[in-house]
Amino acid sequence: MSAGGRVRVRVEDRELELSNLDKPMYPEFTKGEVVEYYTRVAPVLLPHLAGRPLTTIRYPDGAAAKRFFEKNAPSHTPPWVRTARLPVPGSTMSRDTVDFVVVEELPTLVWLANLAALELHVPQWRVDGGDAAQPPDLLVFDLDPGPPAGLAECLPVALALRAELADDGIDAYPKTSGRKGMQLLCPVSGSQDARTVSAYAKALAGRLAARYPDRIVDRMARALRPGKVFIDWSQNNAAKTTVAPYSLRAGDRPMVSMPLHWAEVESGEPVTGGPADVLARIDADGDLLAPLAEPGPRVPE
């Protein structure tokens with residue numbers, strides 16, 4: 001390592017300068033280990049990022065310190081990093097457009113990890129080869145338990161959602177949020193606008209909340225949520241993002257948004273954990289979310 005804690009490395013056909021690799025990002029987990037994790041998980045992570053404008057949550061001084069959300073590509077973004085200029089109506093920074101980073105290759109992922117971009121969040125739609133936003137190709141349900149409920153209470157809700165979706169010919173794939181909840185990701189046709197997909201998600205969440213009022217809520221008001229699972233259908237709004245599969249999450253230890261087998265959900269014993277756990281799962285099973293790459297059906301209108 002060179003003076004000042006900087007080291008130059010070659011990642012595929014790019015040369016990068018990495019810094020402060022021994023800085024703790026979590027207790028007993030350094031920035032160098034963050035870079036290593038994202039490098040090792042890249043073969044399964046990159047397909048879930050490709051074409052999707054990225055929002056990162058950066059933690060320059062570690063996961064327990066101050067964070068900031070970043071949509072706009074930093075001023076020092078290398079010229080070889082793909083960006084997409086997109087409108088952001090109502091931006092809190094009074095911008096008409098934002099130059100989003102679009103992660104297409106390993107060097108970009110390593111560059112972001114070196115910026116302490118621990119969390120990677122993406123929308124349910126992609127951009128085309130230029131800067132044009134496409135219709136959503138994913139339908140997402142975010143299951144958010146209100147304390148004292150936790151992940152265990154999300155599991156039967158996920159199964160109820162799967163059954164409803166199956167009746168409409170839609171496949172669902174579960175993953176943990178990396179925190180206390182979970183998400184269901186469903187491939188859809190990419191031929192309907194976000195408003196249509198969101199309306200379908202809202203109606204489905206409303207049906208389940210009416211059927212199981214003692215355990216499910218479909219409204220965001222926190223006063224309604226203690227001990228219940230909020231089905232957040234609003235993640236399908238075109239302006240919303242969801243944590244990407246395999247992304248790290250900030251916390252007191254490095255947890256990962258981990259794909260699950262439905263058998264784990266059914267048994268009530270989902271595997272959760274950090275980088276070592278998810279890498280072991282990939283070695284054993286590959287990418288459980290690989291089917292998301294194929295178009296799904298249109299949602300009922």
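The chain appears in an unreviewed UniProt entry as DNA ligase D polymerase domain-containing protein from Actinocatenispora rupis.

1. Quick look at empty space enclosed by the protein
In the structure shown here, the tally under the stated rule is 2 cavities of 30 Å³ or more. Approximately 70 Å³ is the volume found for the largest cavity. Residue lining of the largest cavity: L54, T56, R58, E70, K71, N72, A73, P74, V101, L112 and L115, and that is the complete set. By residue number, the principal contributor to the lining of the largest cavity is strand β5 (residues 53-58), which donates 3 residues. In terms of residue class, the lining of the largest cavity is built from 6 nonpolar, 2 polar and 3 charged. Size it by volume and the second largest cavity reaches roughly 30 Å³. Considering only residue class, the lining of the second largest cavity consists of 5 nonpolar, 4 polar and 1 charged.

2. Section: the environment of G5
By the element assignment, G5 lies in the segment before β1 (6-11). Note on G5: relative accessible area 19%, which makes it buried. In this structure the C-alpha to C-alpha distance between G5 and W111, which are 106 residues apart in sequence, comes to 16 Å. Once you skip the residues sitting within four places of it in the chain, G5 turns out to touch L18, S19 and N20.

3. What about the packing of aromatic side chains?
On inspection of all chains with the given rule, the structure shows 2 aromatic pairs. Taken together, a centroid distance of 5.9 Å and an interplanar angle of 75° make the contact between Y26 and F29 edge-to-face. Owing to a relative accessible area of 2%, Y26 belongs among the buried residues under this scheme. Judged by relative accessible area, F29 falls into the buried class, the value being 12%. Ring centres of Y37 and Y38 lie 5.2 Å apart, and the angle between their planes is 55°; this geometry places the pair in the tilted category.

Reading the values: rules and limits
- Residues numbered from 1 in each chain as written.
- Predicted model: local features only at pLDDT ≥ 70, side-chain atom pairs only at ≥ 80, totals over all residues.
- Heavy atoms only, no water.
- 1 Å grid on protein atoms, 1.4 Å probe; cavity = no way out; pocket = protein on both sides within 12 Å on 5 of 7 lines; lining within 4 Å.
- Points joined across faces, edges and corners; volume = space filled by probe spheres on them.
- Helix = DSSP H or I, 4+ residues; strand = E, 2+ residues; numbered from the N terminus.
- Nonpolar A, V, L, I, M, F, W, Y, C, P; charged D, E, K, R; others polar.
- Buried < 20%, exposed > 50% of the residue type's maximum accessible area, 1.4 Å probe, protein only.
- Contact = heavy atoms within 4.5 Å.
- Phe/Tyr/Trp six-rings, centres within 6.5 Å; stacked < 30°, edge-to-face > 60°.

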